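Survey of secondary and tertiary structure
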Amino acid sequence: MIKNLNTDGCLKLLGENYIGRLGFVSGQSPCVIPITYFHDAEEKCIISYSFIGHKLESMRRFPAVSLQVDNIADVHHWQSVLIQGRFEELKGSTAKKYLHKFAQGVQKIIEDRQDGNPKSISDFSANITGKEAPVAYLIRINNISGKYRESK
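None of these values were measured; they are calculated from a predicted model.

The rules behind these values
Residues numbered from 1 in each chain as written. Predicted model: local features only at pLDDT ≥ 70, side-chain atom pairs only at ≥ 80, totals over all residues. Heavy atoms only, no water. Helix = DSSP H or I, 4+ residues; strand = E, 2+ residues; numbered from the N terminus. Core = buried A, V, L, I, M, F, W, Y, C linked by side-chain atoms within 4.5 Å. Buried < 20%, exposed > 50% of the residue type's maximum accessible area, 1.4 Å probe, protein only. Contact = heavy atoms within 4.5 Å.

To continue, consider the environment of R61. Relative to the elements of secondary structure, R61 occurs in helix 2 (residues 54-61). Sequence separation of R61 and S26 is 35 residues, and the distance between their C-alpha atoms is 8.6 Å.

Within the largest apolar cluster, 23 residues are counted, with the highest numbers of intra-cluster contacts made by L14, L22, M59 and V81. Secondary-structure elements contributing two or more residues to this core are helix 1 (7-15), strand 2 (19-26), strand 3 (29-36), helix 2, strand 6 (64-74), strand 7 (77-89) and strand 8 (135-149). A total of 5 residues in this core trace back to one element, the largest contributor, which is strand 8. Those residues in contact with M59 that lie beyond four places of it in its chain are L22, F24, V65, F87 and Y137. The next biggest cluster of nonpolar side chains, apart from the first, holds 15 residues, and it includes Y18, Y49, Y98 and A136.

Following this line, the structure appears as C-alpha cells:
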C-alpha cells in the first residue's frame, strides 16, 4: 500500500541522500537531470552548484524548480520526496560559504553511508577544477511532500 510520508520522514530522506533529480523549465519543455545536492536543515534549503550552461541559464530565466529524491529497495519498499521551490543564485563570499557547507555535508553523508571515503569534492561531484568557477545556488523550499510503500 502506498502512503503519504510525513514532513519529518521527508526531511530525513533528504538529509540521508546527496543525489536527486532536478526539474526545471527549458524553453517550453520540462527537463529533469541528476544533481548532487546537500540539504541544509538549519536554513531549510537545498545547496548545489552548476557551471554556466543550459541548466543554469534555464533556472535564471524560470526560477521555479523541483527536486525529487528516492530511496528504492525494490518495487514493494521505497520512499520518494518531491520539493517545489525557487532557484536562488549565490555570489562572492556567500557562494564560497555555501560551497564549503555543500562539500562538507556531502562528504559526511558519504562517510556515514559507507559509500567510500572521499578525499575532496571532485570525488563525489562534477569536476570543479576548470577555468570557470562553479555557480553556487540554493533551492528555497516552498513545498515538500512524499510517498512510501512497504509490504507487510
